[in-house]
Amino acid sequence: MNILNILLMAPQGGAQGGGNSWVSFLFFGGMIVVMWLFMIRPQTKKAKLQKQFIDNLKEGDKIVTIAGIHGKVKKMNDNNTVLMEVSPGTSFTIERSAISMEYTTAQQKAAETK
């Protein structure tokens, strides 16, 4: 017996069994719902939070990039980039999407507890 036939409760001979097609339909529908609940929905929430975080940045905020570079926002450019000062007199132009929300919030919490 094939394991897939057992899981879907499909008849072996292929004769009759019109009711079992609903079971397999519900099974696959349930798999799609579970995938949406555990994979797609949390990622869209995280992307929304990341976008809010990037939109709320202002000059003078301390940030950390996804590459681990620490610095301050020196200027917010209109072309979706940020001028980041890493040390006095040294600046980088980076994409806003390169700013890590997780690393930045962790660094800010660590600075608050000191």
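Structure: above.
So, a few notes on the structure that sits alongside this text. (Residues numbered from 1 in each chain as written. Predicted model: local features only at pLDDT ≥ 70, side-chain atom pairs only at ≥ 80, totals over all residues. Heavy atoms only, no water.)

With that out of the way, let us pick up the packing of aromatic side chains. Taken as a whole and assessed by the stated rule, the structure comprises two aromatic pairs. On the basis of an interplanar angle of 90 degrees and a centroid distance of 6.0 Å, the ring pair of Trp 22 and Phe 25 is categorised as edge-to-face. Placement of both Trp 22 and Phe 25 in helix H2 (residues 18–55) is noted, with a separation of three residues, approximately one turn of the helix. Both residues of the pair, Trp 22 and Phe 25, count as exposed. A ring pair is formed by Phe 27 and Phe 28, whose centres lie 5.6 Å apart and whose planes are at 65 degrees; its orientation type is edge-to-face. By relative accessible area, which is 35% here, Phe 27 ends up partly exposed. (Phe/Tyr/Trp six-rings, centres within 6.5 Å; stacked < 30°, edge-to-face > 60°. Helix = DSSP H or I, 4+ residues; strand = E, 2+ residues; numbered from the N terminus. Buried < 20%, exposed > 50% of the residue type's maximum accessible area, 1.4 Å probe, protein only.)

Once that is clear, we can look at unusual backbone geometry. With phi around 65 degrees, Asn 80 is a residue other than glycine that occupies positive phi space. Within the secondary structure, Asn 80 sits in the loop between strand E2 (70–76) and strand E3 (81–87). Here Asn 80 falls in the partly exposed class, since its relative accessible area comes to 44%.

In this sheet, strand E4 (residues 90–95) lies alongside E3 in antiparallel orientation, the contact comprising six bridges. Residue pairing for E4: Ser 87 is matched across the bridge by Thr 90. Between E3 and E4, which pair antiparallel in sequence order, lie two residues; one of them, Gly 89, sits at a positive phi of approximately 90 degrees. (Pairing = 2+ DSSP bridges.)

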